[in-house]
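Breakdown of the fold
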Amino acid sequence: MSQSLAELVSDLPEIYQAIFGHPDIAQETSRACTDRLDHIAEVYDALAAQLGRPLRVLDMGCAQGFFSLSLAARGAEVHGVDFLDKNIFVCQALAHENPALKATFSVGRLEETVAALQPEQYDLILGLSVLHHVVHEHGVPQVQDWLRHVAQVSKAAVFELALREEPLYWGPSQPAHYLELLQGYGFIHELGLFGTHLSGIARPLLVASNEYWVSGPVAERIERWSTEPHNLANGTHQGSRRYYWAAGAFAKVIRFDGERGEVNRAEYERELAFLSHPPSGFQAPALLSHSLGVNEGMLVMERLDGQLLLDAIQQNEPFDTVNVLTEVLQQLAALEAAGLYHQDVRTWNLMRLDNGKTQLIDFGSIAPQARDCVWPDDIFLAFLILVHELSNRRVDDPSSLRAVSISPYALDEPLRSWAVSFWNTPLAQWTFKGLLDALLQGPAHEAPSTDVYPADVWATSMEQVIQAQKLHMAYLEEGITNGRVYQLQAEDKIRRLEEWSVLINEQLPVLYQHSEQISVLDGRLQQLEMRLQQKQDELAALYLSSSWKLTKPLRWASRKLARLIRK
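Summarised in this report is the structure supplied together with it. (Residues numbered from 1 in each chain as written. Predicted model: local features only at pLDDT ≥ 70, side-chain atom pairs only at ≥ 80, totals over all residues. Heavy atoms only, no water.)

1. Things to note about the overall build of the protein chain
Condition: Secondary structure elements are defined from DSSP: runs of H or I of at least 4 residues count as helices, runs of E of at least 2 residues count as strands, and each element is numbered from the N terminus. Classification of residues uses two cut-offs on accessible area relative to the type maximum, computed with a 1.4 Å probe and protein chains only: under 20% is buried, over 50% is exposed, and between them is partly exposed. The criterion used for residue contact is that any of the two residues' heavy atoms lie within 4.5 Å.
In terms of helices and strands, the protein chain carries 16 helices and 19 strands. Classification of the 567 residues of the protein chain by burial places 43% in the buried group. Across the protein chain, contacts joining residues at least 24 apart in sequence account for 67% of those joining residues at least 6 apart.

Okay, structure coming up:
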């Protein structure tokens, strides 16, 4: 006689999840489920809407099947796997109770399940608070490899990850940072933190994918993504930001933990505030969605089509410097009128749009303080460095210091006269509106003053010397870096040679033994070859003998008689 559902539930070692459709059977469970289900269901709905069909879902470590059956109730075709047969008995009984739901269950281990996954077999894969057991048993590198495979064969996954800080026996086996497990994924986004019955430490619930980003109810196919905002970033953000491009939309995920955490949070909050209410006269991309969690924030905005001005310079693309400066100053003047300043006006924060316009970006760098983010600190002197970069069509690697070119006397006309007209004016009187008006007015009708003061000549000369020293230092640093690379490569080759030497030395006794055996066998082979040659010579002599010729009729007759006998 088969057991009832209540009896199957009573046989469980732990009622970890709510029993689907039966609040009467298990009112007290180890963990709440509906809070996590809300986020998982939103991911499911977003991806299903993007694909235009119900999803195929795999629930790894399905426990009592609450999440599996809940997604099946949304139209999914779900298969749940758990290593504990008593869990699966409950799941199968619930599936039998709900025949309209496309849900199947089987006993199995995560390792075997992942190894058997095939492309297009599942769209969405769940791994909720199960991976830490596998990490403890098999180690971080092995689980990283398995999850890379999961990333390759599915469209998205939702993971709830245990933390090293949890005071359980498996805690020390976990990676220092939980994101290390998901190295095979391009898009990773925190859905929330959820407490457990095991400790006071909440676990992150994450959605991950190499094909889509998910923001609230919307999923978008990723065209490309990067951890760097531009090709001169040189790891400035220490991998704490990721950028994603999709058709018509651009997204960034910014981490708040780690060394860059405070800086990232401040910039996220500034960018969100700015895009939510851009000032009058400033054309900003539309903010499409955003989310804010404990460890990260995500922003999705209208995509601007074009290329960074930095890329245009490095690729020798033509552009009109005066027009670019005019458009940039118009935007800076609009910010200034609202009491705001862009603290990082650089060629990598300017876009040459496909419509020919220039757009200021990186809205997290916009703040009420009129100062630049690094040397030379003064926002107007920093802007003059940009003017030199645009005029010279050269942008130095900023990893140590920006180009040391500020004074106007090395600029070509008309930029020289325009900048000189401000140069001898106190900085306190400078405004972006004034710079814009002077640039729009163009050169004065009267000839510019030819008076040059010693301080100006000295400033220009000092800039030239410092810039030459800066470039020389960059050259030396590049040489040192290359030398270190060559040194590491040489050390690696030496290490491999040493390993081979040890291996050869270990195998020499075996090789000597085999050599002696080969020598004996070679002697035997030579004897056999000599005997073979002797027999071949004897056979040849037989064919040439008179007795062989005289017995030819007898041999013919014997063959004939043999054929007659066989018949």
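Right, picking up where we left off after that structure.
2. Some points on the sheet that holds strand β4 (residues 124-128)
Using the following cut-off: Two strands pair if DSSP finds at least two bridges between them. In this description, a line fitted to the C-alpha atoms serves as the axis of each element, helices being fitted only across the stretch in contact, and the angle between N-to-C directions of two axes falls anywhere from 0 to 180 degrees.
Taken in spatial order, the seven strands make up an open sheet running β3-β2-β1-β4-β5-β7-β6, and their pairing is mixed. Sheet topology places β3 (102-107) and β6 (187-194) at the edges, where each strand pairs with a single neighbour. Averaged over all pairs of adjacent strands, the angle between their axes in this sheet comes to 15 degrees, without regard to strand direction. Sheet analysis places strand β1 (residues 56-60) next to strand β2 (residues 77-82), joined by five bridges and oriented parallel. Each bridged residue has a counterpart across the sheet, and for M60 the counterpart in β2 is V81.

3. Some details on empty space enclosed by the protein
Let me state the cut-off plainly: Lining residues are defined by having an atom within 4 Å of a point belonging to a cavity or pocket. Those points lie on a 1 Å grid over the protein atoms alone, cavities being sets where a 1.4 Å probe fits but cannot get out and pockets being open sets with protein on both sides within 12 Å along at least five of seven lines. Grid points are joined across faces, edges and corners, and a volume is the space filled by probe spheres set on the points.
Applying the stated criterion across every chain yields a total of one cavity of 30 Å³ or more. In this structure, the largest cavity occupies an estimated 30 Å³ of space. Contributing to the lining of the largest cavity are H342, V345, R346, D372, I379, A382, F383 and F432. The dominant element in the lining of the largest cavity, judged by the number of residues it contributes, is helix α11 (residues 379-392), at three residues.

4. Here's the deal with helix α2 (residues 34-51)
Worth spelling out the cut-off: One less than the residue count of a helix, multiplied by 1.5 Å, gives the span that helix is expected to have.
Between the first and last C-alpha of α2 there are 25 Å, a value that for 18 residues agrees with the 26 Å anticipated at 1.5 Å per step. Residues of α2 that are buried: R36, L37, I40, A41, V43, Y44, A46, L47 and A48.

5. Some remarks on the environment of A273
Counting through the fold element by element, A273 comes out in helix α8 (residues 261-276). For A273, a relative accessible area of 47% gives the class partly exposed. Residues A273 and G364, 91 residues apart in the sequence, show an inter-C-alpha distance of 8.9 Å.

6. Considering the pattern of salt bridges
Opposite charge on two side chains permits them to pair, given that their charged atoms come into close proximity. Applied cut-off: For this analysis, a salt bridge means a side-chain nitrogen from Lys or Arg found within 4 Å of a carboxyl oxygen belonging to Asp or Glu.
Applying the stated criterion to the full structure yields 24 salt bridges. Across the pair D45 and R74 runs a salt bridge, and its minimum N-O distance is 2.5 Å. Placement of D45 in helix α2 and of R74 in the loop between α3 (66-72) and β2 is noted, with a sequence separation of 29 residues between them. Beyond isolated ion pairs, a larger network of salt bridges with shared partners links R53, R56, E120, D123 and K155.

7. Here's the deal with the state of the cysteines
This is how the line gets drawn: Here, the term disulfide refers to a pair of cysteine sulfur atoms separated by no more than 2.5 Å.
Counted by the stated rule, this structure contains zero disulfides. In this structure C62 is a free cysteine whose sulfur lies 4.1 Å from that of C91, the closest cysteine sulfur available. By relative accessible area, which is 0% here, C62 ends up buried.

8. Description of unusual backbone geometry
Geometrically, the link from W375 to P376 is a cis peptide bond, its omega value of 10 degrees lying close to zero. Its place among the elements puts P376 in the loop between β19 (366-367) and α11. For the bond from E413 to P414, the omega torsion is 5 degrees, close enough to zero to count as cis. Topologically, P414 is positioned in the loop between α11 and α12 (415-423). We note that R393 has phi near 55 degrees; this positive angle belongs to a residue other than glycine. By the element assignment, R393 lies in the loop between α11 and α12.

In short, the description is geometric, and any link to function would need to be established separately.
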